[in-house]
Amino acid sequence: MAKKSKNTFYITTPIYYVNDIPHIGHAYTTIIADAISRFKKLSGKEVFFLTGTDEHGQKVEKAAKEKGLKPIELADQVVVRYKDLWKALNVSYDFFIRTTESFHEKSVQQIFQQLKQKGDIYKGIYEGWYCDSTEHFLAEDVPLEKGGHKTCPECGTKAVLVSEECYFFKLSAYQKPLLDFYSKNPTFVRPPSRMNEVVSFVKQGLKDLSITRTTVAWGIPVPDDPDHTIYVWFDALHNYLTGIGYKWDKSRFQKYWPADVHLIGKDILRFHAIFWPAFLMAAGFPLPQTVFGHGWWLKDEAKMSKSKGNVLDPHIILETFGADPLRYFLLREIPVGLDGNFSHEGFIHRINSDLANDLGNLVQRTLTMIQNYFNGKIEEIGREEKEDQNLRKEFESSKEKILKFYEDYALNRALEEIWSFINTVNRYLAANEPWKLAKDKSQKKRLGRILYQAAATLRVISGFLFPVMPESSQKIWDFLGEDKPLEEESLSKLKFDGLKLGQVIKKPTPLFPRVDLKEFLKEEKTRQAPPQKEEKMEMITFDEFKKMDLRVGEILKAEKVEGTDKLVKMEVDIGTEKRTMVAGVADVYAPEELEGKKVIVIVNLQPAVIRGIESQGMLLAAEIEGKAIIPSFDTDVPSGAKVR
Ligand code: MSP
């Protein structure tokens, strides 16, 4: 294969399983990839950013069955959720691969056949402990427990002993080549602690790997032996080749392969750092540059995952704040390799202190002063004093560090450094007190110099922030009167005084309004979707059911709750009295449509205060795609009638 040009950069995310809708953990990997990809583009590279969905295998087969769908129907639904989320998060990928696409399936079969002919894949009998949830055979060293079974160390699920005829990949033959490769490429796996983990695992010895199943129908059939389907990981890993045109766009494939970085969560390190390079060696492909394993987002100190039922839906945050604050928080809060605990308190604190106070105020006051004192146009400035020169020096040293941190994928360090520079500028303004100078006409040029310097720093700050907060950075850039889109800038060429004298500065609009934590938590609680009932449905007794007093009510009056999109305040006649209730139905029904409607109300539910209004009962509604649909009666029923 021809050597790829140094000016191209190929980055991937894992492809996500379609057994469930995306949560903040999935969003995290994709946001990191998007920020790195945007940084590389601003550094002048030709970037290809691949993401997609992993659609075969037992997990998807099982989830579809539970929902009464065909696996492909479930996949089609979940893919839309992923694509919508990436759009809402401003993720700008170049291609979205689905492993059910025929170009992918055909290539996987063809590579399988090639390795079989070469002798790297052979048929045999496998017996081992298999975890249905993570879809892999447990390592031999996982101990047998008292009941005579093994438990998956990754997800805690009971594994099952499986014995079946299958095809093996000769992983054992690649132990030495892998170890040689790691020692020549010590940064293949990053961070370094993860490289050590991989090396010591491989040193313990590698067994051949079972790469087909006869028990899973939903997979790519083995060529000429269709009772066997290809193991979902063998199938999925090859997306990194097929997604950039392997066998369907030769020039693109040659341009971008090998990948510069496969970004993954630490849960799937072995698949990427051991199996994947071994498969590639066997098929004769050059190996990727880096596998970067990031940590996990935890909720209540446990990894956020569907099986634990502690996932956070990013949509509530996105609808309230837009993409940038969430992107900023996820990338700033934890170093890329470590785990972090997600809390709304931590999130709101970052918005208020870093975004609203430090950055938002700097933009607001600098640009407002330029409006007020110079009509938006600084044309003349005094000479540079010592403190002005110091600011310039600070910029030079910060720029060097910021670019280096970005290059190293140390996004939180890059952001820390950007904030340290923002605070230097805030201190510069506080020390020079331009608002006082404005009172003295003879100081006009000095005032011009200080405000020009501050505005010039906003220009470079917006450039540095673009990979992480593309929307807000572009806004700052536009306030400054720049006409070229920010994404066409080159980060390394960003100069301190790139701002032209006489450039017309626009009136700023607020970027990050402060958030009231208590109000937000209240709102969040009313909107958070109920936990998904997974394996076991929780049953209640008839006596428990009987405790609920359900009645027919008539909505007499309805009005929207100010400042919300969904909430409606209603007066409901429940036969014996009139009650005030608040319900999240304004996105489906206009208040006037509600008036006169008969509804089912739980009347003995403890009142709850929503947006300062005491809600004395709750309406029943069907939930369809997050929207509440009110059921109706097919005959007239009086208010107060009991519902059983
Ligand atoms: N389909 C496989 C990957 C195949 S890649 C060839 C898979 N899918 S997954 O949907 O279960 O998870 C994919 C990735 O989502 C994880 O590796 C990780 O990058 C991300 N995360 C899922 N939960 C996460 C957290 N709670 N925290 C951070 N990232 C997490 O594995």
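Everything below is about the structure shown above.
Residues numbered from 1 in each chain as written. Predicted model: local features only at pLDDT ≥ 70, side-chain atom pairs only at ≥ 80, totals over all residues. Heavy atoms only, no water.

1. Regarding the overall build of the protein
For the protein, the count of helices and strands is 21 helices and 26 strands. With respect to the three principal axes, the spread of C-alpha positions in the protein is 90 × 80 × 45 Å. Counting contacts in the protein only where the partners sit at least 6 residues apart, residues at least 24 apart contribute 74% of the total. Here the protein displays about 29,900 Å² of accessible surface, and carbon together with sulfur accounts for 50% of that area. A distance of 5 Å separates the average location of the 92 positive side-chain charges in the protein from that of its 92 negative side-chain charges. (Helix = DSSP H or I, 4+ residues; strand = E, 2+ residues; numbered from the N terminus. Contact = heavy atoms within 4.5 Å. Areas by Shrake-Rupley, 256 points an atom, 1.4 Å probe, with all protein chains shown as cover. Lys, Arg positive; Asp, Glu negative; His and termini not counted. Charge placed at Lys NZ, Arg CZ, Asp CG, Glu CD.)

2. Section: empty space enclosed by the protein
Counted by the stated rule, this structure contains four cavities of 30 Å³ or more. Its boundaries defined by the atoms lining it, the largest cavity holds a volume of some 70 Å³. G57, Q58, R213, V216 and V232 are, among the 13 residues lining the largest cavity, the residues nearest its centre. (1 Å grid on protein atoms, 1.4 Å probe; cavity = no way out; pocket = protein on both sides within 12 Å on 5 of 7 lines; lining within 4 Å. Points joined across faces, edges and corners; volume = space filled by probe spheres on them.)

3. Section: the environment of K557
Locating K557 in the fold gives a position in strand β18 (residues 550–560). Linking K557 and G596, residues 39 residues apart in sequence, is a C-alpha distance of 8.0 Å. If near-sequence neighbours (up to four positions away) are discounted, K557 is found in contact with K569, M570, E571 and E595.

4. Structural notes on helix α1 (residues 24–42)
Compared with an ideal rise of 1.5 Å per residue, which puts 19 residues at 27 Å, α1 spans 26 Å between its outermost C-alpha atoms and is within 8% of the ideal. Summarising burial for α1: 17 of the 19 residues are buried, a large majority. Positive backbone phi, at 90 degrees, marks G44, one or two positions downstream of α1. (Expected span 1.5 Å × (residues − 1). Buried < 20%, exposed > 50% of the residue type's maximum accessible area, 1.4 Å probe, protein only.)

5. Structural notes on the environment of I334
In this fold, I334 is placed in the loop between α12 (323–333) and β17 (340–341). In sequence terms I334 and E197 are 137 residues apart; their C-alpha atoms lie 21 Å from each other.

6. Comments concerning the site of the ligand
Around the ligand, the surrounding shell holds 26 residues, and the nearest of these are I15, T29, D54, G265 and W297. Within the side chain of D267, a nitrogen or oxygen atom sits 3.3 Å from an oxygen atom of the ligand. Note that an oxygen atom of the ligand is positioned 3.4 Å from one of the side-chain N or O atoms of H294. Here the ligand loses 95% of its free accessible area of 660 Å² to cover by the protein chains. Structurally, the ligand is housed in the second largest pocket. Within the residue set of the shell around the ligand, elements represented by two or more residues are β2 (16–17), α1, α7 (232–237), α8 (239–242) and β13 (261–265). Of the residues forming the shell around the ligand, the biggest block, four residues, is contributed by α1. Classifying every residue of the shell around the ligand by side-chain character gives 14 nonpolar, nine polar and three charged. (Near = heavy atom within 4 Å. Polar contact = N/O pair within 3.5 Å; in protein donor to acceptor, adjacent residues only side chain to side chain. Sits in = over half its atoms within 2 Å of the grid points. Nonpolar A, V, L, I, M, F, W, Y, C, P; charged D, E, K, R; others polar.)

7. With respect to the nonpolar core
One finds F342, L359, I418 and W419 to be the most contacted residues of the largest nonpolar core, which totals 109 residues. When neighbours within four sequence positions are excluded, F342 is seen to be in contact with I24, W297, L298, K299, M304, L312, I317, L326, F329, L330 and F347. One finds V108, Y130, F169 and I244 within the second-largest nonpolar core, a separate group that totals 67 residues. (Core = buried A, V, L, I, M, F, W, Y, C linked by side-chain atoms within 4.5 Å.)

8. A few points about unusual backbone geometry
The step from R190 to P191 runs through a cis peptide bond, and the omega angle for that step is -5 degrees. In this structure, P191 sits in the loop between β8 (189–190) and α6 (192–203). With phi around 55 degrees, N375 is a residue other than glycine that occupies positive phi space. Locating N375 in the fold gives a position in the loop between α13 (344–374) and α14 (386–407). Classification of N375 by relative accessible area gives exposed; the value is 71%. Unlike most non-glycine residues, E433 shows phi in positive territory, near 40 degrees. Within the secondary structure layout, E433 lies in the loop between α15 (411–432) and α16 (434–437). The partly exposed category is assigned to E433, whose relative accessible area is 28%.

9. Overview of a nonpolar patch on the surface
Taken together, the side chains of I540, F542, F545 and M548 make up a nonpolar region of the molecular surface, amounting to roughly 400 Å² of accessible area. In this fold, F545 is placed in helix α20 (residues 542–546). (Patch = residues over 30% accessible without salt bridge, like charges linked within 9 Å, V, L, I, M, F, W, Y side chains within 5 Å. Salt bridge = Lys/Arg side-chain N within 4 Å of Asp/Glu carboxyl O.)

10. Examining the pairing of strand β7 (residues 160–169)
In the sheet, strand β5 (residues 121–131) pairs with β7 via ten bridges, with the strands oriented antiparallel. Bridge pairing in β7 places Y122 opposite F168. (Pairing = 2+ DSSP bridges.)

11. Some thoughts on the sheet that holds β17
Strand order across the open sheet formed by three strands is β16-β15-β17, with mixed pairing between neighbours. On the outer flanks of this sheet lie β16 (302–303) and β17, each paired with one strand and no other. Here two bridges tie strand β15 (residues 297–299) to β17, and the two strands are oriented parallel to one another. When the bridges of β17 are listed, L298 appears paired with N341.

12. Here we look at the packing of aromatic side chains
Following the criterion strictly, the structure yields 42 aromatic pairs and no others. Seen in terms of ring centroids, Y16 and W86 are 5.9 Å apart; in terms of plane orientation they differ by 55 degrees. Their pairing is tilted. Here Y16, found in strand β2, pairs with W86, found in helix α3 (residues 71–88); they are 70 residues apart in sequence, far enough to count as distant. The burial state of Y16 is the same as that of W86; both residues are buried. Plain terms: the ring middles of Y122 and F168 are 5.5 Å apart, the flat faces sit at 20 degrees to each other, and that makes the pair stacked. Taken together, the residues span a long stretch of sequence, with Y122 in strand β5 and F168 in strand β7 at a distance of 46 residues. A residue is classified by how much of its surface remains accessible, and Y122, at 30% relative accessible area, is partly exposed. (Phe/Tyr/Trp six-rings, centres within 6.5 Å; stacked < 30°, edge-to-face > 60°.)

13. Overview of the layout of surface pockets
What the second largest pocket holds in volume is close to 1,300 Å³. If you trace the second largest pocket, you find 50 residues lining it, with Y17, K59, S133, K303 and S305 closest to the centre. At the level of secondary structure, the elements contributing two or more residues to the lining of the second largest pocket comprise β2, α1, α2 (58–66), α7, α8 and α10 (269–283). Looking at the lining of the second largest pocket, the element that brings in the most residues is α2, giving five residues. Class assignment for the residues of the lining of the second largest pocket results in 20 nonpolar, 16 polar and 14 charged.

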